[in-house]
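Structural characterization, general
The chain contents come next:
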Amino acid sequence: MTETTLTRMDLSEAVFREVGLSRNDSAELVESVLAHMSDALVRGEQVKISSFGTFSVRDKSARVGRNPKTGEEVPINPRRVLTFRPSHLMKDRVAAGNKR
């Protein structure tokens, strides 16, 4: 399996080809969608995309971790983490793609 990465440029190129907007308008549309998603996540809102999945932010509390080499206890600061939960349709589609 070759590893490739889908980029913003790829998304805007797909919008250009499939929707028919100009390349500049397609790039602006992609940037606008990503900005709206990012802004919502920063505010702590969930971003649900039907048949794709849900992005959300979790607040993780402080805890004590351990250095695996030395066994020394190390404090881990509280933080916010981004999570993604794929929809059942997305899970099924990805699983079906693995059965080639």
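The structure this text deals with has already been given above.
These lines cover the structure that appears in this document, whether it is placed above or below. This is a predicted model, so every value here is computed, not measured.

To continue, consider the packing of aromatic side chains. By the definition in use, this model includes two aromatic pairs. Measuring from centroid to centroid gives 5.5 Å for F52 and F84, while their planes differ by 50°, and the two rings are tilted. Note that F52 is positioned in the loop between strand 1 (47-49) and strand 2 (53-60) and F84 in strand 5 (residues 79-86), a separation of 32 residues in sequence. Note on F55 and F84: the rings are 4.7 Å apart at their centroids and 45° apart in plane angle, and the pair reads as tilted. In this pair, F55 is assigned in strand 2 and F84 in strand 5, connecting sequence segments 29 residues apart. Residue F84 is classed as partly exposed on the basis of its relative accessible area of 36%. Joined through ring pairs, the aromatic side chains of F52, F55 and F84 make up one cluster. Of note, R23 hangs over the ring of F16, and the distance from its end group to the ring centre comes to 4.1 Å.

Now for the pattern of salt bridges. Applying the stated criterion to the full structure yields six salt bridges. One salt bridge connects E13 with R23, and the closest N-O pair in it is separated by 3.0 Å. Here R23 lies in helix 2 (residues 23-42) and E13 lies in helix 1 (residues 8-19), a separation of 10 residues in the sequence. A relative accessible area of 22% places E13 in the partly exposed class. Among the ionic pairs, E45 bridges to R43, the shortest N-O distance being 2.9 Å. On the basis of relative accessible area, E45 is assigned to the partly exposed category, the value being 37%. One salt-bridge network, in which partners are shared between bridges, spans E13, R17 and R23.

This next bit is on the sheet that holds strand 5. Strand order in this open sheet of three strands is 1-2-5, and the pairing throughout is antiparallel. Single-partner strands in this sheet number two, and they are strand 1 and strand 5. The mean angle between the axes of side-by-side strands here comes to 25°, regardless of whether they run parallel or antiparallel. Sheet topology note: the strand 1/strand 2 ladder contains three bridges and is antiparallel. When the sheet's bridge partners are listed, I49 is paired in strand 2 with G53.

Right, let's get into the pairing of strand 3 (residues 63-66). Regular strands place side chains that alternate from one sheet face to the opposite one. Pairing of strand 3 with strand 4 (residues 73-76), which is carried by four bridges, proceeds in the antiparallel orientation. If you follow R63 over to strand 4, its bridge partner there is I76. From the end of strand 3 to the start of strand 4, which pair antiparallel, there are six residues, and G71 there has a positive phi angle of about 80°.

What counts and what doesn't
Residues numbered from 1 in each chain as written. Predicted model: local features only at pLDDT ≥ 70, side-chain atom pairs only at ≥ 80, totals over all residues. Heavy atoms only, no water. Phe/Tyr/Trp six-rings, centres within 6.5 Å; stacked < 30°, edge-to-face > 60°. Helix = DSSP H or I, 4+ residues; strand = E, 2+ residues; numbered from the N terminus. Buried < 20%, exposed > 50% of the residue type's maximum accessible area, 1.4 Å probe, protein only. Lys NZ or Arg CZ within 6 Å of the ring centre and 35° of its normal. Salt bridge = Lys/Arg side-chain N within 4 Å of Asp/Glu carboxyl O. Pairing = 2+ DSSP bridges. Axes fitted to C-alpha atoms, helices over the stretch in contact; angles between N-to-C directions.

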